Each structure stands twice: as C-alpha cells, then as structure tokens.
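Coordinate inspection notes
Single-letter residue listing:
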Amino acid sequence: MNVVKLVAKKLGTLLLTVFAASLLVFFSRALVPGDPVAFLLRGRKPSPEAVAEVTAQFGLDLPMWQQYVNWVANLFQGDLGRSLQFRQDVSVVLADRLPVTLGLVVMAGTMIAIFGLAAGIIAALNRGKTTDRAILISMTGLGAIPSFVGAIVLIAVFAVQLGWFPSFGSGEGFLDGIYHLFLPSLALAIAFVALVARVTRSSMLDQLEREHVEVATSRGLTRSRVVLRHVLRNAIGPILTVSGVLVAGLLVASSIVEQAFGLAGIGSLLVQSVDRLDFPVVQAIVLLIVIIFVLVNTVVDLLAPLIDPRVAAGAAAR
C-alpha cells in the first residue's frame, strides 16, 4: 500500500509539474519581443488582408487563453503545431532532429557514468593519498571548463591538428554515427564528469566511516566485497539523485555543443527557432525537455527505495 501511495504521489507531482511548465512555456512567448507574423511575411510589403489571413491561419488572432487551450487539446492528439520557419508539422521537424540529440546525450551520459564513477570511487578509496589529490585537482579543473570551450579545444587538437575525428556532422549509420559523435559527446560530458566524481567521492567517504562497514571488515570480508556490498550500494542514492538532475543539464548544454560541431539536433534547432521567433517549435522543445527531466527524476525517486530500503522506511515514517 505504501508503494502504491508513493507511486500515486510521484505521478501526481509529475502531472502538476508538467501542467505548470506548459503554462510557463506557452505564456512566456508574450514576453518575447518581435512579431511572428512579420517573420512569416519577411521580405514583403503585406496588405492588411494578407496579415489577417496569415494571422488566422496560425491561430494568432485568438486570445492567448484560447490559444493555450487549443494548444493543449492538440497536444493530447499528438499535434505539436506547425513550424513557422519550416512550414511543416513540428512533430516532423523534431523527428528528424531528435535522434542526433538522443545519441549525443546517451554517449555523453555513458562517459559520465564510467569516468565519473571510476574517478570518485578511486579517489575515495585512496583518501588523502597522491591519487586522491590528483583526481580532486583534475576534477576541479575539468568542472571549470564550459562546454563551448571544451568543444573548441577538442576540435582544434583532435580534429584539426591530429585529424583523428571529424569536426562536423553526425555521420551515417550506427558506427559512423558513434565516430562522429565521440568528440561532441566528450565535450558535453567533461564538466558533468567532474560533478559526478565529486558526489561519488563524498558519498563513498560518508559510507566508509559508517559502523556497519567496520563490522563487515572485522568479520574478515575482503575489501572488494565490503566496497561493493556495504559501501557502493549505500552510496548510490545521492549519485542517482544528481544523475537525474544532470539530464536537464545535458539536454540544455547540447545546444552549445551541437552549434560548435554543426550537428542537426534539437539543441541547435532550439537556438535557431528562438532567433526566428518560431514559437511552436520552441514550445515543443522546451516542454519535451521538461517532460524528460521530470520523468527521469520520478523514475529515480521510485528506484531509490529499491536500492536503499532506508529511503522507503524514512518515507513511511513521514
């Protein structure tokens, strides 16, 4: 019953968050300077009749509240609207761009998980030693590198000077796609690796000082078994929580990396659409990012009690 209540509570929070986000996403367009009709009729001297026709075609002549209701109703039917710049359905535009961004984020997330966890675990197990200090200094330096700076450096060294990787495009096919996305993924992952490494180290050190770890060690268990069963398992909670937050960071930062490497993903599309006042595309992308972020964090919250039963016990006590 407690599990059912927890799931219902998380789903209710998810729906409320998405609803609030939809309000902000839609009505924030009123704060943006510029007129989308002027963009649609760019390069022309439109007559009042032409302006009225275009305005009615895209529903811009309706009150904002009615536009919002229509927008939400269309969302439930899978209709994301029509792009002002591409003159296509937004769903079609996103379908062409989404695989590139998903591939970029998945590869970057894999790098973050591997290198961030490894660096944090090694630093924690060598606390106070030269290895620990070297990792801390390295992670501090990496964490201070913005994504666009990392992208420029990686292109200059590995694409221009050494010629090991391409500096433009997303490739064709699975293997070629991985080859093209390696440098962009690395540029996207750099700063986040440092964050995960620091959180992993801190969480591991907290668990290493717990009494149950000392008891397990005194019982003659091997160090590797103690670390895996009694330290890492209990330390994974904070790491999962941070990982959920990183999803939004990766999706937002991808726009910078995609611009630098000439990738046709939703990040670069978002920047382009904001510049051209393509509100339907901007609204769809921002809402998509919010939904993915909320979904991932909801899944993390639901997994936490399964990984660490103390979380479920604390929730039940409240």
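Here goes a summary of the coordinates provided.

The rules behind the values
Throughout this description, residue numbers start from 1 for each chain and increase along the sequence as written. Local features in this predicted model are restricted to residues whose pLDDT is 70 or higher, and side-chain atom pairs enter the listing and the counts only when it is 80 or higher, whereas totals over whole chains, interfaces and linings include all residues. The side-chain values count all of the structure's non-hydrogen atoms but skip hydrogen atoms and water molecules. The secondary structure listing takes helices from DSSP runs of H or I that are at least 4 residues long and strands from runs of E that are at least 2 residues long, numbered from the N terminus. Using a 1.4 Å probe on the protein chains alone, a residue whose accessible area is under 20% of its type maximum counts as buried, one over 50% counts as exposed, and one in between counts as partly exposed. We call two residues in contact when some of their heavy atoms are within 4.5 Å. Throughout, the Shrake-Rupley method with a 1.4 Å probe supplies accessible areas, and for residues the shown protein chains are the sole cover considered. Aromatic rings from Phe, Tyr and Trp, taking only the six-membered ring of Trp, are treated as a pair when their centres fall within 6.5 Å; an angle between ring planes under 30 degrees marks them as stacked, one over 60 as edge-to-face, and anything in between as tilted. For salt bridges, the criterion is a side-chain nitrogen of Lys or Arg within 4 Å of an Asp or Glu carboxyl oxygen. By definition here, a helix of n residues has an expected span of 1.5 Å times n minus one. Relevant arc is that of directions from the helix axis to the C-beta atoms, nothing else. The set of buried Ala, Val, Leu, Ile, Met, Phe, Trp, Tyr and Cys residues whose side-chain atoms join them within 4.5 Å is what this entry labels a nonpolar core.

1. Comments concerning the overall build of the protein chain
Of the regular secondary structure elements, the protein chain holds 13 helices and zero strands. Along the protein chain, from the amino end to the carboxyl end, the secondary structure elements read α-α-α-α-α-α-α-α-α-α-α-α-α. Buried positions account for 37% of the 318 residues belonging to the protein chain. A separation of at least 24 residues holds for 74% of the contacts in the protein chain among residues at least 6 apart in sequence. Of the roughly 17400 Å² of accessible surface on the protein chain, 67% is carried by carbon and sulfur atoms.

2. Describing the packing of aromatic side chains
Enumeration according to the criterion identifies four aromatic pairs in this entry. On the numbers, 5.9 Å between centres and 45 degrees between planes, the contact of Phe158 with Trp164 is tilted. Its relative accessible area of 27% is what places Phe158 among the partly exposed residues. Plain terms: the ring middles of Phe165 and Phe182 are 5.0 Å apart, the flat faces sit at 15 degrees to each other, and that makes the pair stacked. Here Phe165, found in the loop between helix H7 (147-161) and helix H8 (174-208), pairs with Phe182, found in helix H8; they are 17 residues apart in sequence, far enough to count as distant. Using a relative accessible area of 31% as the deciding quantity, one classes Phe182 as partly exposed.

3. Some words on the pattern of salt bridges
A complete count under the given rule lists one salt bridge for this structure. Of the charged contacts in the structure, one is a salt bridge between Asp132 and Arg201, with a shortest N-O distance of 2.9 Å. Highlighted residues: Asp132 in helix H6 (residues 130-143) and Arg201 in helix H8, separated in sequence by 69 residues. Accessibility classification places Asp132 together with Arg201 in one group, the buried group.

4. Digging into helix H4 (residues 64-76)
The first and last C-alpha atoms of H4 sit 19 Å apart over 13 residues, in line with the 18 Å expected at 1.5 Å per residue. By the burial criterion, the buried members of H4 are Gln67, Tyr68 and Trp71. Within H4, the buried residues cover an arc of 100 degrees as seen down the axis, which keeps them to one side. Among the exposed residues of H4, those pointing more than 90 degrees away from its buried face are Trp65 and Phe76. Positive backbone phi, at 80 degrees, marks Gly78, one or two positions downstream of H4.

5. Re the nonpolar core
Of all hydrophobic cores here, the largest spans 49 residues; its most connected members are Leu94, Ile112, Leu188, Phe192, Leu250, Phe261 and Ile285. Of all elements in the fold, only helix H5 (90-125), H6, H7, H8, helix H10 (223-261), helix H11 (266-275) and helix H12 (279-307) reach the threshold of two or more residues within this core. When residues no more than four places from it in sequence are discounted, the contact partners of Leu94 are Leu80, Pro99, Ile266, Leu269, Ala284 and Ile285. With seven residues, the next largest nonpolar core counts Ala124, Met204, Val226 and Ala235 among its residues.

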